Amino acid sequence: MAVLQKLPQRRKLVLLYLLSAALWETGIGQMRYSVSEEIDKGSFVGNIAKDLGLEPLILAERGVRIVSRGRTQLFALNPRTSSLVTAGRIDREELCAQSARCLVNFNILLEDKLTIYSVEVEVTDINDNAPQFGVEELELKISETTTPGFRIPLKSAHDADVGENTLQKYELNPNDHFSLDVRSGVDGNKYPELVLERSLDREKEAVHHLILMALDGGDPARSGTSRIRIMVLDVNDNAPVFTQPEYHVSVPENVPVGTRILTVTATDADEGYNAQVAYFQEKTPGKPSEVFELKPASGDITIIKSLDYEDSKFHEIDIEAQDGPGLLTRTKVIVTVLDVNDNAPEFYMTTATSSISEDSPPGTIIALFNVHDRDSGQNAFITCSLPEDIPFKLERSVDNYHRLVTTRALDREQFSSYNITVTANDGGNPSLSTDAHVLLQVADINDNPPTFLHSSYSAYIPENNSRGAPIISVKAHDPDSDHNAHVTYSLTEYTLQGTPLSSYISINSDTGVLYALRSFDYEQFRELQLWVTAQDSGNPPLSSNVSLSLFVLDQNDNTPEILYPAFPTDGSTGVELAPRSAEPGYLVTKVIAVDRDSGQNAWLSYRLLKASEPGLFMVGLHTGEVRTARALLDRDALKQSLVVVVQDHGQPPLSATITLTVAIADSIPDVLADLGNLQPSTNPDDSSLTLYLVVAVTVVSCIFLAFVIVLLALRLRSWHTSRLLQASGRGLVGVPASHFVGLDGVRAFLQTYSHEVSLTADSRRSHLIFPQPNYADTLISQESCEKNDLLSAPQSLLDDKGEETIPQLGSEVLHFT
């Protein structure tokens, strides 16, 4: 202190502040206050904000509140000043009975950081209870032979207050025969005794009336009175005597009702009626419900109400023994209640959250709760535990408070909720336990992209499909929930043959069903490669892709196309020539057709659908070659009409037909002559016209023979022939070889020779236009035939010598209009 006096005043203040702060940190764990009982509601008890070193507004923002266990709230916090005030009437006697100190314990919780502070409030006693006697009037009987100095115990008074406010003294009204003596027991209570000062004379005064007054030490003092009526009897000069001055017995709290716990015994030295002892239990004011019953004749004490260690740890029974004439003596029975583990731990949930985000860091507080056991000693020792293999743990705090916190990050897709069972076990034998359940929902975050059921998809769609037809359904699953699991589908855009993909295919963004927006053509393209994107609705969204191969299936939608023989473009009808000397199997012509479909739909077969002379011609099933089935007869008609059908193998099959006209003659003049004789004319003008036609045909034939001779001279110019063969080979470039049915038949056909003859449908009016030979060693397209008017000499003419020119021609075709 001398050193402090030498320091400057400012340094003194700093040191005092530091000393106060150190003392505050030492005692911050417990705050103690004192308040008198029976004060008004809202009375000031203590300044919590000041004791915590915080401003009232800051304390209110941090969520300060009172936490107590299972009892009526006696105190409250002033919302404006954060001061501790009374919440209602406080009766010390109701709370603590006769305890020397009455302490009320509770906790202050700061909810922002879940900080707990212990508060202890002592309720001080006021003199609000006056001493009370068990009976208003006491009747005593005393023998007149009783000598002075004889003591008679009197009924004691009871004061519910404690300390100075409890019972302090007794007073007796002035009289000539009795005085009052107060003795203090081992328990500190005061017991009044009536002392006989002068000998009694029943004949002078048979009844004495006294007033006993009990006074407490309050200011002002309170008092209570009891009237004493003394009957003077003859002789009985011995009072009963108990075998023990005070009885003690220990009883477990779970002893059954009706059990005898003790028997008190008192003896009287007198004889006869004066020695008959009866036992009575002294009633205590304010305790209407009795726990024990005393048998008056035997002195047996039995239990008539269940004991509860938690309500009362011991009981005091005041017992009187009175003989026949009325002399009595008093003793006390102290019953100690032994604790039995009959109370399971109790949970008081202070705060708990019902939902937590799955990305919450480890150590996040889920709940704060208190566990209490009403038993005592080892029976009240509590241990809390959690089930194994859950990401939570318990952290112990002050005053049996526990925190439930996370130990690791949670995954909603693994467990969307937890029903956490907290088990509290006491230390009794056998142990009792209580379970508390905390239901925790794990809130979802968007941490999972959609996942397709397959790594890739393949789909097939037939060509010529209807617009809007569904193709395939793709499905992606997102293990998240709510909007994070809502998946939308889209197609990756690109161009297909210069056209956006979206004009061919669309996808339902909600269901993942792909639809065809147009009809597909197998001959246009056969396969599409698509990318389907599945994206959730999270923020930010997550997505994934999958490849889809779309195959177009061929349908039999193309009719076979006949390439040869081709119809002339000038309106004439082509006629094939067959010599009458043709043997069976003679190749008349060959039908060549292609089908733009593929596979089985492009397999072609040929058959003769209709013929003017059945059995004369036959058609190769796979080659399309038209051959004679038998030798030609004279009776066979000059003009034979054949209908050849070309059919594919699709389902249903498609077909094309071509009508062939075959003229049977050994030479072109014969053809013309026979054609002229097909229908004789009855008109003279027609006869002259026919004559002119014959002359014209003869002239043309001569010119043709001369031209053939010129062609023979060109044999020496073989190089010219090879060029012609090359030019004819280029005419087949536009038709793939695979589209021909029967390549051997095609080659055989290319080694034959034919002429074309055009006739009008009405042979009576046939007119010769131009002779135009066609050569079987090359397949000339229709376009090249129209542009080329020159005739090329076939190689076969140069090889066949000594034969007539016209019969060497496999067939001749004449053009007539």
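Residues numbered from 1 in each chain as written. Predicted model: local features only at pLDDT ≥ 70, side-chain atom pairs only at ≥ 80, totals over all residues. Heavy atoms only, no water.

Trainee: Before we move on, could you go through the overall build of the protein and cite the residues and values that matter?
Mentor: Within the protein one finds 12 helices and 56 strands. Looking at the protein as a whole, 40% of its 817 residues are labelled buried. For the protein, restricting intrachain contacts to residue pairs at least 6 apart in sequence, the fraction spanning at least 24 positions comes to 68%. A total of about 43,500 Å² of accessible surface is found on the protein, and carbon and sulfur atoms cover 52% of it. (Helix = DSSP H or I, 4+ residues; strand = E, 2+ residues; numbered from the N terminus. Buried < 20%, exposed > 50% of the residue type's maximum accessible area, 1.4 Å probe, protein only. Contact = heavy atoms within 4.5 Å. Areas by Shrake-Rupley, 256 points an atom, 1.4 Å probe, with all protein chains shown as cover.)

Trainee: Can you tell me about unusual backbone geometry, naming the residues and giving the values?
Mentor: When glycine is set aside, most residues are seen to have a negative phi, and most peptide bonds are trans. The peptide bond linking Asn429 to Pro430 adopts the cis configuration, its omega dihedral lying at 0 degrees. In this structure, Pro430 sits in the loop between β32 (417–426) and β33 (433–443). With an omega dihedral of 0 degrees, the bond running from Gln651 to Pro652 counts as a cis peptide bond. Turning to its location among the elements, Pro652 is positioned in the loop between β52 (639–648) and β53 (655–664). The backbone of Leu114 sits at a positive phi, close to 50 degrees, despite the residue not being glycine.

Trainee: Any details on the confidence of the model for the protein? Residues and values, ideally.
Mentor: A residue-level look at the protein finds 79% of positions with pLDDT of 70 or above and a mean pLDDT of 79. Per-residue pLDDT stays below 50 along residues 1–28; that stretch engages in 11 contacts with residues further than four places along the chain or on separate chains. Counting contacts from residues 678–682, a segment whose pLDDT is below 50, to residues more than four positions away or on other chains yields five contacts. (pLDDT = per-residue confidence, 0-100.)

Trainee: How would you sum up the side chain of Thr423? Please name residues and give values.
Mentor: Here Thr423 shows up in strand β32. A relative accessible area of 19% means that Thr423 is categorised as buried.

Trainee: Can you lay out the environment of Ala459 for me, pointing to particular residues and giving the numbers?
Mentor: For Ala459, the location among the structural elements is in strand β35 (residues 456–462). Expressed as a C-alpha distance, the spacing of Ala459 and Leu528, which sit 69 residues apart in the sequence, is 9.8 Å. Discounting chain neighbours no more than four positions away, the residues touching Ala459 are Ile471, Ile472, Leu548, Ser549, Leu550 and Phe551.

Trainee: Give a description of the environment of Leu52 that names residues and reports values.
Mentor: Locating Leu52 in the fold gives a position in helix α3 (residues 48–52). Along the backbone, Leu52 and Met31 are 21 residues apart, and their C-alpha atoms lie at a distance of 9.2 Å.

Trainee: Kindly report on the pairing of strand β30 (residues 392–396), identifying the contributing residues and their values.
Mentor: Of the strand pairs in this sheet, β30 and strand β31 (residues 401–406) are connected by five bridges, and their pairing is antiparallel. Looking at β31, one finds that Glu395 is bridged to Arg403. (Pairing = 2+ DSSP bridges.)

Trainee: Which residues make up the packing of aromatic side chains, and what values do they have?
Mentor: Taken as a whole, this structure holds nine aromatic pairs when the rule is applied. Ring-pair connections join several aromatic residues into one group, and the members of that group are Phe392, Phe415 and Tyr418. Over the face of the ring belonging to Tyr504 we find Arg518, whose NZ or CZ atom lies 4.2 Å from the ring centre. (Phe/Tyr/Trp six-rings, centres within 6.5 Å; stacked < 30°, edge-to-face > 60°. Lys NZ or Arg CZ within 6 Å of the ring centre and 35° of its normal.)

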